[in-house]
Amino acid sequence: MADCTQIPPTADSLPALLRQPFALWWERAQSSEALCRAIAQLSEEHRSELVRVTAGSEFVAAMLIQDPGALSWFEQCEVSGSARSAGEDYAERVRSAPSAADAQRLLREWRRREMLRIAWRDIAGRAGVRETLYAVSDFADRAICAASEAARQALRLPFGEARDAKGESVPMIVLGMGKLGGRELNFSSDIDLILIYTTGGETDGSRVIDNAEYFDRLGRELIRMLDARTADGFVFRVDMRLRPFGDSGALVVSAAALEDYLQQHGRDWERYAWIKARPLVGAAAYETVYTECVRPFVYRRYLDFGVFDSLREMKALIEREVSRHELDQHLKLGKGGIREIEFIVQSLQLVRGGSDRRLQQPQLLDVLPLLADPKLLSPQDIENLSEAYLTLRKAENGLQMIRDQQTHSLPEDAADRDRLALAMNLSDWPSTSRHIEVARGTVAAHFDALLFGARQSEREETVSWLKADMARIETELRRYGLGEAHMKGVCAALATFREAGAARRMDDSGRRRLNVIVERLLAVAAGKADPLPVLQRVFRVLETIGTRASYFALLKEQPAALDRLIEVCAISGFLSRQIAEFPLLLDELIDSKAFEELPSRAAFVQQLAVRTERLPADDPERQVEMLRQFQKVAVFGVALADLTGRLPLMRVSDRLTDIAELILQCCMDLGWQQMTQLYGVPYCGEDSGALRPVTVAAAGYGKLGGLELGYRSDLDIVFLHDSRGSVQVTNGEKSIDNGVFFLRLGQRIVHLLTMHSAAGRLYEVDMRLRPNGKGGFLITGIDAFERYQQAEAWTWEHQALLRARAVAGEGTLRAEFEAVRRRALENAVRRDTLRSDVADMRLRMRKELSKDAAGVFDIKQGAGGIADIEFLVQFSVLLHSQSHPELLTYTDNIRQLEGLAQVGVMPAATAEWLTETYISYRTVLHHLSLEVEGERVVEDAPFKATRERVKQIWRETFG
């Protein structure tokens, strides 16, 4: 018999209260020859951990007495690093067990040993919290899969396999819910399952039964495999109450019945539950169920702030339960407990998961970092919540490892408190208790801030703004400080809104939300110098939102966002119209940075990357909609900075140009991806054995090329390729000539830019500036482009080329375009006729396009207006570009004027005056376009002197 006394335990390091229990266990261990032999075979490191582990866990201590072989199994797994393969061995033995009883016995032996290994590593400090949670979940996954197969084998002899009408095998889908779904099982957790079968039919065995009965039997057999208590114990307690209709519903539900249930009966708390759903068996079959049924139920397409009302109701129910059963020390349900962290993360998943698919995953610790956003949680919040979550889960596991009991309440027994301190690697109970309380305090503070911090005051409602008579309304408005001069107009605007469709069609909960919003609106607007336009604009936004409860919930839950909406409507009718047309912009008002930080290209790149990384490759409509959402949000940010005076005109155009360039590049990438998937990549060369891939690029003309885009500008674009040689074909299975490829690619890119989506279209695109205009190729070869510019281009086309700039596509081809542009503008301009060509073209444009009339000035096309200045600059640069090629460096009018002054072609005073005038004109036109779409006519009188000076410079230049 092995002599355990030769391995004296060092129990002096244990807390005093744990030494006696360990001594009693040690006496029992010495009487077991098998256990002594297993202890003797432990590595020195594991032997030194034996005291700590058995003292900290009565479960481990008892399990070693019951199954000494478990210790040898543990040692072998740890030394060889073969724990996973040992688990797979058990899984295979379960799947191939000769009987259901054998499968049950093997499952329980496997569970006993696996949980001993997990507890040992956790208490000894070998495994962190995440590893422990994942290890328990991983064991559950494998055990459920093995048990499912064993259950299927048990039914095969009498019933055969379930088949559909076509004779195809019908799988059962086993979904892990709750902590199992999130790979976050605690040590002694129940497992929540939902069982689904895909379609009806019948079995093909000697006893034929329909699929509904077969899967009911299969489900019951699976549960018995896992849940039944035998002489060997159990594997997991199985909870099936999350299935449709709970205990009164079918044990295994068909996919069709599940869809009907979620559409007709699904409740808000079930949306929280289904976030965690993860397929353990039948994953391929679940993909369709998830896409068509589960995801639309869980994740709303747009922001869903309505979840907070249901969350408050759920929390209130839990608090009543906690109070009734005195569970204030409950790590899961008590204040600041694990459930509150789960609620924080899951509620934000529900709010934003529909528009941000990264959040559509079940594991809390994977989702939490993705919530780092000014509208959600700060990086510090996430760090604090993560630490608190890990602390509470560590304590929860430590509690449950003591006796393998499903408990969440902090212990009152002194010895158990020492065991928990030991498991958490803390010195004593007071420090352990403080550590836990700090974590709970962190969670409670964040939870209360999320759920209750944004609520309106709790005072009794003084008036129903949507129902009260006007005398009562006037009394309340006077209390807010509204003057009599504005009373009539404000009351009339409120009365009109109350009778409008949105307010009348709402249900009771919607009206309660709207009442809170209107109360806040009137209180803030009453303090404005002119409250009526503000009210009318906000009411227009609210009316446009209609009955979309999620947006009203946003404004109710985020008073700061409502205040910013009011402020935006006070600033500009343009901004308010943008929000009314695209209510998703309300989300931008949650973050105060919208009013503080200036938009930048780097920020746009980051925003676009976040949106496009989750674009579905096979859904062009969804792709364009996501790009349109990015465009709307980005342009709104620019306009807000513009109209609050924080961004000067030239920077506004720069940022609008940045947005267009990024979207154009994205559409080119998407078009290229779609076309190459169909036809392969285009290659070219003289020898089929030495071909190179072809590249494409885009040149922006006009306002895009000149960095002068406005809020409603079209995009003037010319697409180019560098395909050359006698061999020009794609390398796909459906190989086509490169010319055909480029035609289809050009059509696809233009389609992406101009197609209508749910969020509107991206841009109007003008391709008429390409060689040969409408009759030319959609994508032109760079060599053909140069030949055209050198030999065939008209003067007006060289004027256009002067404003052209490579804006998207492959870098080498972009650089080649810039070189071609320089060569053409230096050498191909017809300078002998340039003066008359430019003057004639300008006169023709003015005759056809100008809206000048008595007393009014067309600031763009009228004589002495913007177009005259642009033509003056273009003429001067083209005239001198051969002798001063540096004039071709820039494409915008302002820097071209600076260049003309620097080389001495234009007097510096004239260039400076034209620059100031041009900026002044553009500023007027710019702000005019914000208020009246397409309008460019102003009163003539204020501009008479300026116009005359421009016309004088024109006469001096052109005669």
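Residues numbered from 1 in each chain as written. Predicted model: local features only at pLDDT ≥ 70, side-chain atom pairs only at ≥ 80, totals over all residues. Heavy atoms only, no water.

1. Some points on the overall build of the chain
The number of helices and strands found in the chain is 40 helices and 17 strands. Its C-alpha atoms put the chain at 120 × 90 × 65 Å along the principal axes. Counting all 959 residues of the chain, 55% fall into the buried class. Carbon and sulfur atoms provide 49% of the accessible area of the chain, an area that totals close to 40000 Å². Averaging the locations of the 123 positively and 138 negatively charged side chains of the chain gives two centres separated by 3 Å. (Helix = DSSP H or I, 4+ residues; strand = E, 2+ residues; numbered from the N terminus. Buried < 20%, exposed > 50% of the residue type's maximum accessible area, 1.4 Å probe, protein only. Areas by Shrake-Rupley, 256 points an atom, 1.4 Å probe, with all protein chains shown as cover. Lys, Arg positive; Asp, Glu negative; His and termini not counted. Charge placed at Lys NZ, Arg CZ, Asp CG, Glu CD.)

2. Thoughts on the packing of aromatic side chains
Scanning the model with the defined rule gives 27 aromatic pairs in all. Look at Phe 22 and Trp 26: their rings are 6.3 Å apart centre to centre, the planes differ by 20 degrees, and that puts the pair in the stacked class. Here Phe 22 and its partner Trp 26 are both found in helix α1 (residues 16-30), four residues apart, which amounts to about one turn of the helix. Accessibility expressed as a relative area gives 4% for Phe 22, which makes it buried. Among the residues examined, Trp 26 registers a relative accessible area of 10% and is labelled buried. Each ring, one from Tyr 286 and one from Tyr 290, has its centre 6.0 Å from the other, and the planes form 45 degrees; the classification is tilted. Of this pair, Tyr 286 and Tyr 290 both sit in helix α13 (residues 283-298), separated by four residues, roughly a single helical turn. Overall, the relative accessible area of 4% leaves Tyr 286 in the buried class. Put simply, the rings of Trp 73, Tyr 90, Trp 110, Phe 139 and Phe 236 pair up and form one aromatic cluster. Positioned above the aromatic ring of Phe 871 is the side chain of Arg 842, whose terminal nitrogen or guanidinium carbon lies 5.9 Å from the ring centre. In this structure, Arg 949 is placed above the aromatic ring of Trp 913, and the distance from its NZ or CZ to the ring centre is 4.5 Å. (Phe/Tyr/Trp six-rings, centres within 6.5 Å; stacked < 30°, edge-to-face > 60°. Lys NZ or Arg CZ within 6 Å of the ring centre and 35° of its normal.)

3. Remarks on the layout of surface pockets
Any empty space left between atoms is shown by rolling a water-sized probe over those atoms. Its volume calculated, the largest pocket comes out at about 1700 Å³. Taken together, 41 residues form the lining of the largest pocket, with Lys 703, Asp 716, Met 845, Lys 860 and Gln 861 sitting closest to its centre. Sorting the residues of the lining of the largest pocket by element identifies α30 (649-679), α31 (702-705), α34 (795-802), α36 (834-849), α37 (866-880) and α39 (908-931) as the ones contributing at least two each. Per-class residue counts for the lining of the largest pocket are 14 nonpolar, 10 polar and 17 charged. (1 Å grid on protein atoms, 1.4 Å probe; cavity = no way out; pocket = protein on both sides within 12 Å on 5 of 7 lines; lining within 4 Å. Points joined across faces, edges and corners; volume = space filled by probe spheres on them. Nonpolar A, V, L, I, M, F, W, Y, C, P; charged D, E, K, R; others polar.)

Interpretation in functional terms is not warranted from these geometric data alone.
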